[in-house]
Amino acid sequence: MTESENGTDPIGSPVGVGLVTVATNRPDATGAGGEEIATYLEGSDCEVAMREHVNKDYDTIQSIVSRLVDRDDVDLIVTSGGTSVEPADVTPEAVEPLVEKQLTAFSELFTTLAYREFGTQVVAARCFAGIADEVPVFCLPASRDAVRLGLEELVLPEARQLVTLARGGEEASSEPEPSAVEPEELDADE
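Residues numbered from 1 in each chain as written. Predicted model: local features only at pLDDT ≥ 70, side-chain atom pairs only at ≥ 80, totals over all residues. Heavy atoms only, no water.

Section: unusual backbone geometry
Move 1: The backbone of aspartate 45 shows a phi angle near 65°, a positive value even though the residue is not glycine.
Move 2: By the secondary structure assignment, aspartate 45 is in the loop between helix H1 (34-41) and strand E2 (46-54).
Move 3: Judged by relative accessible area, which is 35%, aspartate 45 ranks as partly exposed. (Helix = DSSP H or I, 4+ residues; strand = E, 2+ residues; numbered from the N terminus. Buried < 20%, exposed > 50% of the residue type's maximum accessible area, 1.4 Å probe, protein only.)

Structural notes on a negative patch on the surface
Move 1: Taken together, Asp70, Glu100, Asp133 and Glu134 make up a surface patch of like negative charges.
Move 2: Among the secondary structure elements, aspartate 133 is positioned in the loop between strand E5 (128-132) and strand E6 (135-140). (Patch = residues over 30% accessible without salt bridge, like charges linked within 9 Å, V, L, I, M, F, W, Y side chains within 5 Å. Areas by Shrake-Rupley, 256 points an atom, 1.4 Å probe, with all protein chains shown as cover. Salt bridge = Lys/Arg side-chain N within 4 Å of Asp/Glu carboxyl O. Lys, Arg positive; Asp, Glu negative; His and termini not counted. Charge placed at Lys NZ, Arg CZ, Asp CG, Glu CD.)

Section: the packing of aromatic side chains
Move 1: Applying the stated rule across the entire model yields two aromatic pairs.
Move 2: Plain terms: the ring middles of phenylalanine 106 and phenylalanine 138 are 5.0 Å apart, the flat faces sit at 65° to each other, and that makes the pair edge-to-face. Placement of the pair is phenylalanine 106 in helix H4 (residues 104-118) and phenylalanine 138 in strand E6, with a sequence separation of 32 residues. Neither phenylalanine 106 nor phenylalanine 138 differs from the other in exposure class; each is buried.
Move 3: Put simply, the rings of Phe106, Phe110 and Phe138 touch in pairs and so form one group of aromatic residues. (Phe/Tyr/Trp six-rings, centres within 6.5 Å; stacked < 30°, edge-to-face > 60°.)

So, helix H5 (residues 144-166)
Move 1: Across its 23 residues, H5 extends only 28 Å between first and last C-alpha, which sits more than 12% below the 33 Å expected from 1.5 Å per residue.
Move 2: At alanine 159, H5 shows its largest bend, some 60°. (Expected span 1.5 Å × (residues − 1). Bend = angle between axes of the 7 residues up to and from the residue.)

Things to note about the pairing of E5
Move 1: Counting buried positions over the five residues of E5 gives five, a clear majority of the element.
Move 2: By the alternation rule, side chains of E5 split into Phe128, Gly130 and Ala132 and Ala129 and Ile131, which are all buried.
Move 3: Alignment of E5 against E6, held across five bridges, turns out to be antiparallel. What sits directly across from alanine 129, in E6, is phenylalanine 138. (Pairing = 2+ DSSP bridges.)

As for the nonpolar core
Buried together is how nonpolar side chains tend to be arranged in soluble globular proteins.
Move 1: Membership of the largest hydrophobic core comes to 28 residues, with the highest contact counts inside it found for Val17, Leu76, Val78, Phe106, Phe110 and Leu151.
Move 2: Elements with a minimum of two residues in this core: strand E1 (15-22), H1, strand E3 (76-80), H4, E6 and H5.
Move 3: Top contributing element to this core by residue count: H5, with 10 residues.
Move 4: Ignoring sequence-local partners within four residues, the contact set of leucine 151 consists of Ile37, Tyr40, Val78, Leu140, Leu156 and Pro157.
Move 5: One finds Ile64, Val69, Val74 and Val95 within the second-largest nonpolar core, a separate group that totals 20 residues. (Core = buried A, V, L, I, M, F, W, Y, C linked by side-chain atoms within 4.5 Å. Contact = heavy atoms within 4.5 Å.)

What follows is the structure, given as structure tokens:
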């Protein structure tokens, strides 16, 4: 974790997460809703700042994500649903125009992990991630197992670091900091 010069966390604690569940009005027994996603966030140094449930509508999805990006209490956004190949699934298309930088490794890593766990059905999953106005945005499938995999294996372990980097903070180093040695101490043997 990167700390500011005064020793405090530059993004505050915990990480504020905006959740967007994308689904039709009918309840989906296989999909993960906002409440279930919030459960995954518990104990992970994240806090749900805002939760929305929207239909599979391009303009609505884009508007909600854009509004979340603009909120001061949202450091990171997670969407669930609308990422398959069905004609109504438009979440990646709606979010992509908001993104300045894509996180291409996210989709690749998710696909690799999901293939190991779920097999070839991962072909229909179109995960997407990027940075929108200094806010990381992750678009996950609606499946409970896919949400769990994406959050536990990829999003949550990197959440704080990605938020810090997206805001222009320095990358946390795994190397120990060099000890502070006064110039006079170096010249003591001379």
